[in-house]
Amino acid sequence: MTHWWKDEIIYQIYPKSFKDSNHDGIGDINGIRSKLDYLADLGITSIWICPVYQSPMIDNGYDISDYYAIDPDYGSVEDMKNLIKEANVRNIKIIMDLVVNHTSDEHEWFQDAINNSDSKYRDYYIFKEADSRPNNWRSVFGGSVWEKVPGESTYYYHTFDKKQPDLNWENAELREEIYRMIRYWLDLGVSGFRVDAITFIKKDLTYKNGESDGVDGLVKCTTMTRNYPGIEVFLNELKEETFKPYDAVTIAEAAGVTYDQLGEYAGEDGFFSMIFDFSYSDLDVASGSEWFNRLEWSLEDLFQKIEISQNYLQEQSWGAPFIENHDQQRAASKYLMEYQDNEEAVKAIALMYFFLRGTAFIYQGQELGMVNVNRQSINEFDDVSSIDQYYRGIDEGFSKEYMLDTLNYRSRDNARVPMQWSDEQYRGFSDVEPWLGVVENYDELNVENQMQDTSSVLNFYKQMIELKKSDYHKILNYGDIEFLERKVEGVLLYRRTYEDKSLLICVNLTNEVKQIELEKTIDEIIFGNLVESKLSDDTLTLYPFAAKIMKEVE
Ligand code: GLC
Ligand code: CA
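Source: prediction; values computed, not measured. (Residues numbered from 1 in each chain as written. Chains lettered and ligands numbered in written order. Predicted model: local features only at pLDDT ≥ 70, side-chain atom pairs only at ≥ 80, totals over all residues. Heavy atoms only, no water.)

Attention shifts here to the environment of Ser279. In this structure, Ser279 sits in the loop between β13 (274–275) and α9 (299–316). Overall, the relative accessible area of 23% leaves Ser279 in the partly exposed class. Aside from chain neighbours lying at most four places away, what touches Ser279 is Tyr259, Lys305 and Ser309. Reaching out from Ser279, the side chain makes a polar contact with the side chain of Tyr259 at a distance of 3.1 Å. (Helix = DSSP H or I, 4+ residues; strand = E, 2+ residues; numbered from the N terminus. Buried < 20%, exposed > 50% of the residue type's maximum accessible area, 1.4 Å probe, protein only. Contact = heavy atoms within 4.5 Å. Polar contact = N/O pair within 3.5 Å; in protein donor to acceptor, adjacent residues only side chain to side chain.)

Moving on: the side chain of Asp63. Of note, Asp63 is situated in the loop between β3 (53–54) and β4 (66–70). The side chain of Asp63 is buried and forms no salt bridge, while Lys163, the nearest opposite charge, is found at 6.8 Å. Within polar-contact distance, the side chain of Asp63 engages the backbone nitrogen of Asp59 at 3.3 Å. Apart from residues lying up to four places away in sequence, Asp63 is in contact with Gln54, Ser55, Pro56, Met57, Ile58, Ser104, Lys163 and Gln164. (Lys, Arg positive; Asp, Glu negative; His and termini not counted. Salt bridge = Lys/Arg side-chain N within 4 Å of Asp/Glu carboxyl O.)

Turning our attention to the pattern of salt bridges. Using the criterion set out here, one finds 43 salt bridges in the structure. The residue Asp37 makes a salt bridge to Arg90 at a minimum N-O spacing of 2.7 Å. Of this pair, Asp37 sits in helix α2 (residues 36–42) while Arg90 sits in the loop between α3 (77–89) and β5 (93–98); the two residues are 53 residues apart in sequence, bridging distant segments of the chain. The exposure class assigned to Arg90 is partly exposed, which follows from its relative accessible area of 29%. Here Arg495 and Glu552 are joined by a salt bridge, their closest N and O atoms 2.7 Å apart. One end of the pair, Arg495, is in strand β16 (residues 491–498); the other, Glu552, is in strand β22 (residues 547–552), with 57 residues separating them in the sequence. In this pair, the class of Arg495 matches that of Glu552, namely buried. Sharing partners across several salt bridges, the network here consists of Asp59, Asp327, Asp383, Arg412 and Arg416.

Our next topic: the site of ligand 1. In the vicinity of ligand 1, the contacting residues are Asp59, Tyr62, His102, Phe141, Phe160, Arg194, Asp196, Glu253, His326, Asp327, Arg412 and Arg416. At a separation of 2.9 Å, an oxygen atom of ligand 1 approaches a polar side-chain atom of Arg194. Here Arg412 contributes a side-chain N or O atom positioned 3.1 Å from an oxygen atom of ligand 1. Taking 310 Å² as the accessible area of ligand 1 by itself, protein coverage stands at 95%. Along the lines of polarity and charge, the residues of the shell around ligand 1 split into 3 nonpolar, 2 polar and 7 charged. (Near = heavy atom within 4 Å. Areas by Shrake-Rupley, 256 points an atom, 1.4 Å probe, with all protein chains shown as cover. Nonpolar A, V, L, I, M, F, W, Y, C, P; charged D, E, K, R; others polar.)

Given below as structure tokens:
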């Protein structure tokens, strides 16, 4: 079945770092509004904005203290309404972030709960009476999931930071409050939500200890709390009460969902429109959040993970292909390493993922080929989770140098630096010092320069988006995907087929010349980066980092 959101091209904005409009070094909603023409020109059709709700910002807005208010740093509800209106005029939809696994500890429900032992809001959260911490589970951002209530033998539960207490989804009244809030934003004109950390809302209610997996004596909480059986009841109710009646798009951050559950989560009648699959973006860490256990990987690992993921998605669901987001390092640095500054190579990884089956996502700055940041000390980091990983890594026996290197490679702050609009001191993001330092030595890599350069990465993204909307739309959007056997190392080949028409996507992710025997005759090369490729009989020669789309003879 077709759905409106299958045709979207979604641009993700990290509001704090996109554009500052009022000279305080912090991006804001009016800043986003001032860049709508840029986004319309790029060709994207929806914007997903990371949380802009009122928040003390210990996790940059993923800690909400009022779901109905916009944080003053970002603007007001009025600004949000204007943004929706002006975006809609340009045929751009607004998707908000929905954070309902937890709130901030400064939310009024939690404030009442913690200050008042007979508050009804205690049951909106997870409070347990105990003389010492109720079990040995470790939170995602480090330390126990339990935090003591001052002056009582009571603890409260948090999956993430201690300033992000988890909501108790077992409480029907709480769930109704959440649904009411979701409908409020949908009524305001939001087209849907990216749904944060949603697989954590159901816990193993026995809260029993697990076998420790670290020197801290704790055990990662995920086995007992992520995608835990029973969650389907909550997710189904959430969908029926909110998203479904509005035909809203929902993209779930749904870590822990296995491939055989894809249909249930994001199939035709699934809980969400689509879910992000992290299998290939997390190919360099042992498990979701333990960055210090860095893994070696090869291009074949990457290709294999993409293929497996796409095959499962095709069977049961719809994909949400991405290579960057606000929790990842920059794709150019991660996938290309020493070739991160090679623009054609950057275009090659773009072409590789953009035409996978699903609704493609672009993260701010990715369209320029922005790279990681080299920080000299832990003090230059802002992200709670990077700081936690640094100290935990040291506790686990890694050296400070190794941990700094790991953070420079993996930290979420790599993606959170100000967007590069121009070569001005603060890159045109702001005229005062930004809340987080810019990427040093990369002042030339910016929107202004790339707009003028027809062969820039930015213009390549524009062309890819145009191609997706062109006469090839049906093939590139709805076409089946099929991966060709990988006989040549470092080359990914996949075919998109719609009715009797097919396109072959060919990507050489190496610095070497590669020769490929073709299965079908090629009609013409319809698109690609500037690297040369040669066709002779049934052999295709791809020069280093060549990436092409070819039309096959019907
Ligand atoms: C998600 C967000 C991340 C945030 C966490 C807690 O993983 O993407 O940025 O820190 O949830 O809300
Ligand atoms: Ca501002």
